[in-house]
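As a plain string of letters, each chain reads:
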Amino acid sequence: MFKKLQDKWKVNGLNLLLILFTFAIGGSLCGYAGRKILIWTNLEKNLLWFILYIILITILWPVCVLLVSYPFGQFAFFKRYLQRIWNRMKGKKNQTNNRVPLIRIAIFASGAGSNAEKIIGHFNSSNSVKVALIISNRPKAGVLQIARNNNIETDVITSQQLQDSDTFIASLKAHKIDFLILAGFLLKIPPALVQAYPKKIINIHPALLPAYGGKGMYGMHVHEAVIASGDKQSGISIHYVDELYDHGEIIFQATCDILPKDNPQSLAEKVHQLEHAHYPAIIEAVVKKQNPG
Ligand code: GRF
């Protein structure tokens, strides 16, 4: 159970202990303060007393845990924690009012998943967009661990399963997936899937398309080709996916300079930084434009 909490809150053992202490002491403090306040009112201990007590401790609890969290060095955690509860309450209200439909996205990735991680972090406290599924074709891909750390459902598929489009599309629809986000996914998206999700599949490419795109242009191959060409700039391209590799309409590009001292590795790092800085925000803009709340 403790391990589960550590994974869920992404904290080490010592911090988990301090957080649990904060909950316990903050909770007791809040109960104590609530009773003290009611003693001042001289009310009899009847039903009204209990209702007032519950209302009081609901209001006092966040204040008490925040106060106690400070000396324990857990203020940042509790600030985030309370913010999440608040967002969830707002989210529930919004969903009940049917004002903001939840947009569900699936991330497709074959590798480490640093982009996927940024996207998950970006939408973590969103009321309108949810990363609902992570799909990989590699059982050992780092992205699957990232999904587990964030309690996101995963699906490991074979190339065959992806090609079997009817079944695959049916499973995406069963998960109510609205958008497919490719973040380092190495299998080609079959035409039937492109047609089932028109302008709803987005990819990121680590160069300035239409240059350095197409079959075989992925990972370090791209950066090696760019450095070998002597270009003075590279960058990222975020684009819709169509039936051809790296070919769909470009949504956004950002550039970085290539210095004489750069090599494929250093260029890859620069490009990764650009990806992390822009991909989540561009995804948000695209999905919200197509599904305005
Ligand atoms: C990124 O460079 C992306 O442009 C390309 O694949 C890479 C994935 O990196 N399509 P990561 O797994 O997100 O770190």
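The rules behind these values
- Residues numbered from 1 in each chain as written.
- Predicted model: local features only at pLDDT ≥ 70, side-chain atom pairs only at ≥ 80, totals over all residues.
- Heavy atoms only, no water.
- Helix = DSSP H or I, 4+ residues; strand = E, 2+ residues; numbered from the N terminus.
- Buried < 20%, exposed > 50% of the residue type's maximum accessible area, 1.4 Å probe, protein only.
- Patch = residues over 30% accessible without salt bridge, like charges linked within 9 Å, V, L, I, M, F, W, Y side chains within 5 Å.
- Areas by Shrake-Rupley, 256 points an atom, 1.4 Å probe, with all protein chains shown as cover.
- Salt bridge = Lys/Arg side-chain N within 4 Å of Asp/Glu carboxyl O.
- Pairing = 2+ DSSP bridges.
- Axes fitted to C-alpha atoms, helices over the stretch in contact; angles between N-to-C directions.
- Core = buried A, V, L, I, M, F, W, Y, C linked by side-chain atoms within 4.5 Å.
- Contact = heavy atoms within 4.5 Å.
- Parallel < 35°, antiparallel > 145°, perpendicular 65-115°, else oblique.
- Near = heavy atom within 4 Å.
- Polar contact = N/O pair within 3.5 Å; in protein donor to acceptor, adjacent residues only side chain to side chain.
- Phe/Tyr/Trp six-rings, centres within 6.5 Å; stacked < 30°, edge-to-face > 60°.
- Lys NZ or Arg CZ within 6 Å of the ring centre and 35° of its normal.

Trainee: Just to check I follow, could you spell out unusual backbone geometry for this structure?
Mentor: Peptide bonds are, in most cases, trans, and in most cases residues other than glycine have a negative phi. Of note, the amide linkage connecting Leu209 to Pro210 takes the cis form, showing an omega dihedral of 10°. Structurally, Pro210 can be placed in the loop between β5 (201-205) and α10 (220-229). Of note in this structure, Asn42 is not a glycine but carries a positive phi near 60°. Within the element layout of this structure, Asn42 appears in the loop between α2 (13-40) and α3 (47-69). Judged by its relative accessible area of 68%, Asn42 is exposed. Despite not being glycine, Asp246 shows a phi value in the positive range, around 50°.

Trainee: Sorry, what's going on with a nonpolar patch on the surface here?
Mentor: Judged by side-chain polarity, Leu43, Leu47, Leu48, Ile51, Leu52, Ile55 and Ile59 come together as a nonpolar surface patch covering roughly 640 Å² of accessible area. With respect to the secondary-structure elements, Leu48 resides in helix α3. Take Leu48: its relative accessible area is 46%, and that puts it in the partly exposed class.

Trainee: Please explain the sheet that holds strand β4 (residues 179-182) as it appears in this structure.
Mentor: Working definition: the strands of a sheet are paired by backbone hydrogen bonds and lie parallel or antiparallel to each other. Pairing within the open sheet is mixed, and its 7 strands lie in the order β3-β2-β1-β4-β5-β6-β7. Each edge of the sheet is formed by a strand with only one pairing partner; in this case those strands are β3 (153-156) and β7 (250-257). Averaged over all pairs of adjacent strands, the angle between their axes in this sheet comes to 20°, without regard to strand direction. With 4 bridges connecting them, strand β2 (residues 129-136) and β3 associate as parallel partners. Bridge assignment links Ile135 to a residue of β3, and that residue is Asp155.

Trainee: Help me out: how do you make sense of the nonpolar core in this one?
Mentor: Looking at soluble globular proteins, one finds that nonpolar side chains tend to be buried together. Ranked by internal contacts, the top residues of the largest apolar core, which has 39 residues, are Ile105, Ile107, Ile119, Val131, Ile181 and Tyr279. Here this core gets 8 residues from one element, more than from any other, and that element is helix α11 (residues 264-290). In this structure Tyr279 touches Asn115, Ile119, Ile181, Leu182, Ala183, Ile202, Asn203, Ile204 and Ile238, once residues within four positions along its chain are discounted.

Trainee: Explain the pattern of salt bridges here, please?
Mentor: Between side chains of opposite charge, a pair can form when the charged atoms approach closely. Applying the stated criterion across every chain, the model contains 3 salt bridges. Measuring nitrogen to oxygen at the nearest pair gives 2.7 Å for the salt bridge that ties Lys199 to Glu249. Of this pair, Lys199 sits in the loop between α9 (191-196) and β5 while Glu249 sits in the loop between β6 (233-240) and β7, and the two are 50 residues apart along the sequence. On the basis of relative accessibility, which here comes to 42%, the residue Lys199 falls in the partly exposed class. A salt bridge links Lys270 to Asp262; the nearest nitrogen and oxygen atoms lie 2.6 Å apart.

Trainee: I tried to follow the packing of helix α1 (residues 2-9) against α2 on my own but got confused; where do I start?
Mentor: Two numbers describe a pair of packed helices, the interaxial angle and the distance between the axes. At a minimum axis distance of 10 Å, the contact between α1 and α2 shows a crossing angle of 95°. On the basis of their axis angle, the class for α1 and α2 is roughly perpendicular. Touching Phe2, Leu5, Gln6 and Trp9 of α1 are Gly13, Leu16, Ile19, Leu20 and Phe23, all from α2.

Trainee: Please clarify how the site of the ligand should be interpreted in this entry.
Mentor: Around the ligand, a shell composed of Ala112, Gly113, Ser114, Asn115, Gly184, Ile204, His205, Pro206, His272 and Glu275 is seen. Between the ligand and the protein, one listed contact pairs a nitrogen atom with a backbone N or O atom of Ile204 at 3.0 Å. Side-chain polar atom of His272 to an oxygen atom of the ligand: 3.0 Å apart, as the coordinates give it. Protein contact buries 83% of the 370 Å² of open area that the ligand shows by itself. Contributions of two or more residues to the shell around the ligand are made by α5 (114-123), β5 and α11.

Trainee: Explain the packing of aromatic side chains to me, please; I cannot follow it from the model alone.
Mentor: To describe a pair of aromatic rings, one takes the distance between the centres and the angle between the planes. Here the structure, examined in full by the defined rule, presents 12 aromatic pairs. Taking 5.1 Å as the distance between ring centres and 80° as the angle between the ring planes, the aromatic pair formed by Phe77 and Phe78 counts as edge-to-face. A single burial state applies to Phe77 and to Phe78, both of which are buried. For the ring pair Phe108 and Phe185, a centre distance of 5.2 Å and an interplane angle of 80° mean the geometry is edge-to-face. Of this pair, Phe108 sits in strand β1 (residues 103-108) while Phe185 sits in the loop between β4 and α9; the two residues are 77 residues apart in sequence, bridging distant segments of the chain. Judged by relative accessible area, Phe108 falls into the buried class, the value being 0%. The class for Phe185 is buried, based on a relative accessible area of 9%. Feature note: the residues Phe23, Trp61, Phe77, Phe78 and Tyr81 constitute an aromatic cluster, connected by ring pairs. The side chain of Lys173 reaches across the aromatic face of Tyr197, ending 4.3 Å from its centre. Just above the ring of Tyr245 sits the side chain of Lys188; from NZ or CZ to the centre is 5.7 Å.

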